[in-house]
Amino acid sequence: MDVVSDAISAVHLGHPWFHRVRTSGSWCARMDPYDGAGFYVVLKGSSWLLTDGGALVTLGVGDAVLLPHGTGHVIADSPIDAAVAEEKAVPFEQWLMGTEPRARPGRDETEMLCGKYWLDCSRMHPLMAELPEVVHLPSRVGSHLELRAAIDLLAGELDEVRPGSCVALPSLLNLLLVYMIRSWMTEATSGVWPTALGDPVTAAALRAMHSKPAAPWSIERLAAEAGVSRPTLARRFTTLVGRTPMAYLTWWRVILAATLLRDTPETLATIAGRVGYSSPYALSHAFEREFGTTPGRYRAKAAERSAPTASPQLTSNKLTSETRSGS
């Protein structure tokens, strides 16, 4: 796999939770902080989003916004400040239950796709951790074409019930997350990971480690993959990533082991082989050093905190009221 795919897969849990909302008139809703990433895509009308950190974002038709760290926020039909939000905002779930499947004729209508991705934030890849509080991706002609296509496909699936929709919708929502992160990386003018992945030497070493994490990598072999000398790789990689290549490889192998402990029933011996350790004992030692707990205890705790999943339920031309209300 590649770095971005692995960074998402390492934290991604279950199916996304989502709603399509049609509303009109005056409204203001509050979403408390949560473990996950939230998103909004405006299909019609406009809205304003105010985060707990004070960022105010204006959202127009075609705009997408990602809140990658589950930041608490208020979303409303008009510009707001903290005082207005405190006075007028109702809990998000309560607001959803009161939204109309179809806005009344003659009134300003807002239509949005909104939802959450459940994330395990206990071992966030630094690429994900580096994402800002709000990733705002305005609709612009000719930009973010893949993201625009994903939004159009989502809207089409929600407009009409089609065979396979219950499989297509979660897949498209997961694709939306990938495209939002890609778009952020394209737009970013600073940041460790957009820079690191834009550097051909560092990117080649990262690609090698992520595609074959169990391979017997050495600094010499990684330098050969990148087509540079050992000192050049060590200098450029460490400067951009903040770890030496071998330290990053050790860290990534343990993170990958944690993902396999969470998502599979494989034995520790099997997992050790898959991530490049010679024995379960060697993996356990490295794992406890990174996480402060044994692989067995980590697996048991991961099972306890397994996130709820929500499967899309469709009826003619709209989401069912149960899905819209989050039930």
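Residues numbered from 1 in each chain as written. Predicted model: local features only at pLDDT ≥ 70, side-chain atom pairs only at ≥ 80, totals over all residues. Heavy atoms only, no water.

**Digging into the overall build of the chain**
Scanning the chain from N- to C-terminus turns up 15 helices and 12 strands. Taking all 327 residues of the chain together, the buried fraction comes to 50%. When contacts within the chain are restricted to residue pairs at least 6 apart in sequence, those whose partners lie at least 24 apart make up 76%. As displayed, the chain has an accessible area near 14800 Å², and 54% of this comes from carbon and sulfur atoms. (Helix = DSSP H or I, 4+ residues; strand = E, 2+ residues; numbered from the N terminus. Buried < 20%, exposed > 50% of the residue type's maximum accessible area, 1.4 Å probe, protein only. Contact = heavy atoms within 4.5 Å. Areas by Shrake-Rupley, 256 points an atom, 1.4 Å probe, with all protein chains shown as cover.)

**Concerning the packing of aromatic side chains**
The way to describe two aromatic rings as a pair is by their centre distance and the angle between their planes. Going through the model one piece at a time under the given rule, you end up with 11 aromatic pairs. With centroids separated by 5.9 Å and ring planes inclined at 70 degrees, the aromatic side chains of Phe 237 and Tyr 248 adopt a geometry described as edge-to-face. With a gap of 11 residues between them, Phe 237 in helix α10 (residues 230-241) and Tyr 248 in helix α11 (residues 245-263) connect regions that are remote in the sequence. Taken as a pair, Phe 237 and Tyr 248 share a single burial class, namely buried. Counting every residue linked through ring pairs, the aromatic cluster contains Trp 193, Phe 237, Tyr 248, Trp 251 and Trp 252. Across from the ring centre of Tyr 34, 4.5 Å away, lies the NZ or CZ of Lys 116, which sits over that ring. (Phe/Tyr/Trp six-rings, centres within 6.5 Å; stacked < 30°, edge-to-face > 60°. Lys NZ or Arg CZ within 6 Å of the ring centre and 35° of its normal.)

**Side note on the side chain of His 144**
Inspection of the secondary structure assignment puts His 144 in the loop between β10 (135-137) and α5 (145-159). The exposure class of His 144 is buried, given its relative accessible area of 12%. One polar contact links His 144 to Glu 187, side chain to side chain, over a distance of 3.3 Å. In contact with His 144, not counting residues within four places along its chain, are Leu 137, Pro 138, Ser 183 and Glu 187. (Polar contact = N/O pair within 3.5 Å; in protein donor to acceptor, adjacent residues only side chain to side chain.)

**A few points about empty space enclosed by the protein**
Counting across every chain of the model gives 2 cavities of 30 Å³ or more. In this structure, the second largest cavity is lined by Trp 17, Met 31, Tyr 34, Gly 38, Phe 39, Tyr 40, Leu 67, His 73, Phe 92, Cys 114, Gly 115 and Lys 116. For the lining of the second largest cavity, the secondary-structure elements that each account for two or more residues are β3 (36-44) and β9 (109-119). Split into classes, the residues belonging to the lining of the second largest cavity amount to 8 nonpolar, 3 polar and 1 charged. (1 Å grid on protein atoms, 1.4 Å probe; cavity = no way out; pocket = protein on both sides within 12 Å on 5 of 7 lines; lining within 4 Å. Points joined across faces, edges and corners; volume = space filled by probe spheres on them. Nonpolar A, V, L, I, M, F, W, Y, C, P; charged D, E, K, R; others polar.)

**Some words on the sheet that holds strand β6 (residues 64-67)**
Here 5 strands make up an open sheet; going across it, the order is β1-β9-β3-β6-β10 and the pairing antiparallel. The sheet terminates laterally at β1 (12-24) and β10, the two strands that pair on one side only. On average, each strand axis in the sheet is tilted by 15 degrees relative to the strand beside it, whichever way the strands run. Looking at chain direction, β1 and β9 are connected through 10 bridges and run antiparallel. The residue bridging Leu 13 from the neighbouring strand is Trp 118, located in β9. Set on the sheet, α5 makes contact with β1, β3, β6, β9 and β10; between it and β1 the angle comes to about 70 degrees. (Pairing = 2+ DSSP bridges. Axes fitted to C-alpha atoms, helices over the stretch in contact; angles between N-to-C directions.)

**Some points on the pattern of salt bridges**
Taken as a whole and assessed by the stated rule, the structure comprises 10 salt bridges. Between Arg 20 and Glu 111 there is a salt bridge whose closest N-O contact spans 2.3 Å. Here Arg 20 is found in strand β1, whereas its partner Glu 111 is found in strand β9, with 91 residues between them in sequence. Glu 266 is paired through a salt bridge with Arg 274; the nearest N and O atoms lie 2.7 Å apart. By relative accessible area, Arg 274 is classed as partly exposed at 42%. What you see here is one network of salt bridges that share partners, running through Arg 20, Arg 22 and Glu 111. (Salt bridge = Lys/Arg side-chain N within 4 Å of Asp/Glu carboxyl O.)

**Quick look at the environment of Trp 118**
For Trp 118, the location among the structural elements is in strand β9. Given the relative accessible area of 16%, Trp 118 is considered buried. Remark: the alpha-carbon pair of Trp 118 and Pro 16, spanning 102 residues in sequence, is separated by 6.6 Å.

**Structural notes on the confidence of the model for the chain**
Looking at the chain as a whole, its pLDDT mean stands at 86, while 90% of the residues score no less than 70. For residues 307-327, every residue scores under 50 in pLDDT, and the model assigns this stretch 53 contacts once sequence neighbours within four places are set aside. (pLDDT = per-residue confidence, 0-100.)

**Description of the environment of Ala 205**
With respect to the secondary-structure elements, Ala 205 resides in helix α8 (residues 200-211). Considering only alpha carbons, one finds Ala 205 and Leu 233, 28 residues apart in sequence, at a separation of 8.2 Å. Ignoring anything within four residues of it in the chain, the contact list for Ala 205 reads Leu 222, Leu 233 and Phe 237.

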